[in-house]
Amino acid sequence: MKLRTLDAVGDVAGRRVFVRVDYNVPLEGGKVADDSRIVATLPTLRELVGGGASLVLASHLGRPKGQVKEEARLGPVAERLGELFERDVGYRPTDGVVDDEVRGRCGNLRPGEVFLLENLRFDPGEEANDRGLAERLEDLADAYVDDAFGAVHRAHASVAALPALFLERGRPVAAGRLLEREVEALSKLRGEPPRPYVAVLGGAKVSDKLSTIGALVDKVDALLIGGAMAFTFIASEGGEVGTSLMEPDRFDDVLSARKHADERGVLILLPQDVIAAPEIKLDAKRQTVPATEIPKGLMGLDIGPRTIAEAKTILWNGPMGVFELEPFSAGTRGVATAIAGSAAYSVAGGGDSLLAIRRFGLEDGFDHLSTGGGASLEYIEGRELPGLTVLEAGR
Ligand code: ADP
Ligand code: MG
């Protein structure tokens, strides 16, 4: 897939550029608690402003479902962006994303000036991929740049209908530098990566990642499964998992994934031992037990000590245990440390997985940390992502 990039947009001096960013960041006490998604967009913003453009930025935050939610306003984001970008960032808390004043402020932007729109998902048109909303947004700028990798797997107005409309009207559209980098890094896993190719999947729910498991079984040499999703696998084959989180309605799915893996000679590795406790609490009494014989009343909350294979390519998505609590974080730390220390081409994605990697200070050990959890998995699965298709060169 070849994307149109900023190189193809041409001279942006004196132009207003609409940049779709992914500032879906955690807020705590009216402040941005983790600004890594904002930091990740700075190269694109700097490049555009350096070229003499003014910027109209737009993002979603949370799931306000087409309604105005005070706690999902982008004020704190505008403030943090201003600090990081060292520029004034215009922002106005509106109820409908685009109103007359917003139109006026965007219309009057001078080169180097930046305006951040209100949460796109306050408008029901965003998730409905509504052309009307796309028209109101298109009116605000002369060119379109998408740097919101975390949103490209959604057919939403700001990533699908809007760039399509720009193209229709003969105006430039392009992928920003972050999007470009994501696609470049992840395309190595989508094609034929150096083998052995090992994927490590974890997290709470197997149902979130069933399609990923299905697609990966066709690609990888080994699949390591940790986190709570391992218990659905173990229980489907008759193992005792106590009160561990699992999904009995997915037994058929995991059994058929297992069968398919066996036929292809793909190794599926499940935890041998787990750290179990009666409840998810810091001071819960823990014990290490065999993964298939968890005593009644105990739940598996972390994988036990184990090793990572000699891989050439590693994909990791989903923590191995409840890493948020120190007593159940060793499994995730162990896997993260092993991947970071291996010479393999290593990619990690998923909000919680990235949080864990940062908490352990292991960022430098990975070749690529994807800002898009769901988007990165769908891309690697080989699916078509609406927000990327529209940016393909030659359209
Ligand atoms: P990511 O955001 O990296 O894609 P997920 O959202 O799929 O990851 O899963 C992360 C969550 O899974 C974490 O909050 C973690 O506490 C939880 N989790 C992992 N293992 C277990 C377990 N054994 N029991 C309960 N929850 C678990
Ligand atoms: Mg998550």
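Look above for the structure.
Attention here is on the structure that accompanies the text. (Residues numbered from 1 in each chain as written. Chains lettered and ligands numbered in written order. Predicted model: local features only at pLDDT ≥ 70, side-chain atom pairs only at ≥ 80, totals over all residues. Heavy atoms only, no water.)

As for the packing of helix H10 (residues 229–236) against helix H11 (residues 251–264)
- Between H10 and H11, whose axes approach to 9 Å, the crossing angle comes to 85°. Of the possible angle classes, the one that applies to H10 and H11 is roughly perpendicular. Of the residues in H11, those in contact with Thr232, Phe233, Ala235 and Ser236 of H10 are Phe251, Val254, Leu255 and Arg258.
- Its residues assigned to classes, the contact of H10 with H11 comprises five nonpolar, two polar and one charged. (Axes fitted to C-alpha atoms, helices over the stretch in contact; angles between N-to-C directions. Helix = DSSP H or I, 4+ residues; strand = E, 2+ residues; numbered from the N terminus. Parallel < 35°, antiparallel > 145°, perpendicular 65-115°, else oblique. Contact = heavy atoms within 4.5 Å. Nonpolar A, V, L, I, M, F, W, Y, C, P; charged D, E, K, R; others polar.)

Describing the sheet that holds strand S6 (residues 114–116)
- Pairing within the open sheet is parallel, and its six strands lie in the order S5-S6-S4-S1-S7-S8. Strands with a single pairing partner mark the edges of an open sheet, and in this sheet they are strand S5 (89–91) and strand S8 (173–175). The sheet shows a mean angle of 25° between the axes of neighbouring strands, direction not considered.
- In this sheet, S8 lies alongside strand S7 (residues 143–146) in parallel orientation, the contact comprising three bridges. (Pairing = 2+ DSSP bridges.)

What about unusual backbone geometry?
- A cis amide bond, omega 0°, links Arg195 with the succeeding residue Pro196.
- Mapping Pro196 onto the fold places it in the loop between helix H8 (177–190) and strand S9 (197–201).
- For Val97, which is not a glycine, the phi torsion comes out positive at approximately 70°.
- With respect to the helices and strands, the residue Val97 is situated in the loop between S5 and helix H4 (100–107).

Notes on the layout of surface pockets
- Volume-wise, the second largest pocket comes out at about 160 Å³.
- Forming the boundary of the second largest pocket are Met1, Lys2, Leu3, Thr5, Glu180, Val183, Glu184 and Ser187.
- Among the residues making up the lining of the second largest pocket, the classes are represented as three nonpolar, two polar and three charged. (1 Å grid on protein atoms, 1.4 Å probe; cavity = no way out; pocket = protein on both sides within 12 Å on 5 of 7 lines; lining within 4 Å. Points joined across faces, edges and corners; volume = space filled by probe spheres on them.)

Thoughts on the site of ligand 1
- Around ligand 1 there are 19 residues in total, and Lys209, Gly300, Glu324, Asp352 and Ser353 lie nearest to it.
- Note that an oxygen atom of ligand 1 is positioned 3.3 Å from one of the backbone N or O atoms of Gly351.
- Contacts to ligand 1 include Ser353, whose side-chain N or O atom sits 2.5 Å from an oxygen atom.
- Protein chains shield 84% of the accessible area of ligand 1, which is 580 Å² for the free molecule.
- If you list the elements that add at least two residues to the shell around ligand 1, you get strand S16 (299–303) and helix H13 (351–359).
- Sort the elements by how many residues they give to the shell around ligand 1 and H13 lands first, with three residues.
- Here the residues of the shell around ligand 1 sort into seven nonpolar, nine polar and three charged. (Near = heavy atom within 4 Å. Polar contact = N/O pair within 3.5 Å; in protein donor to acceptor, adjacent residues only side chain to side chain. Areas by Shrake-Rupley, 256 points an atom, 1.4 Å probe, with all protein chains shown as cover.)

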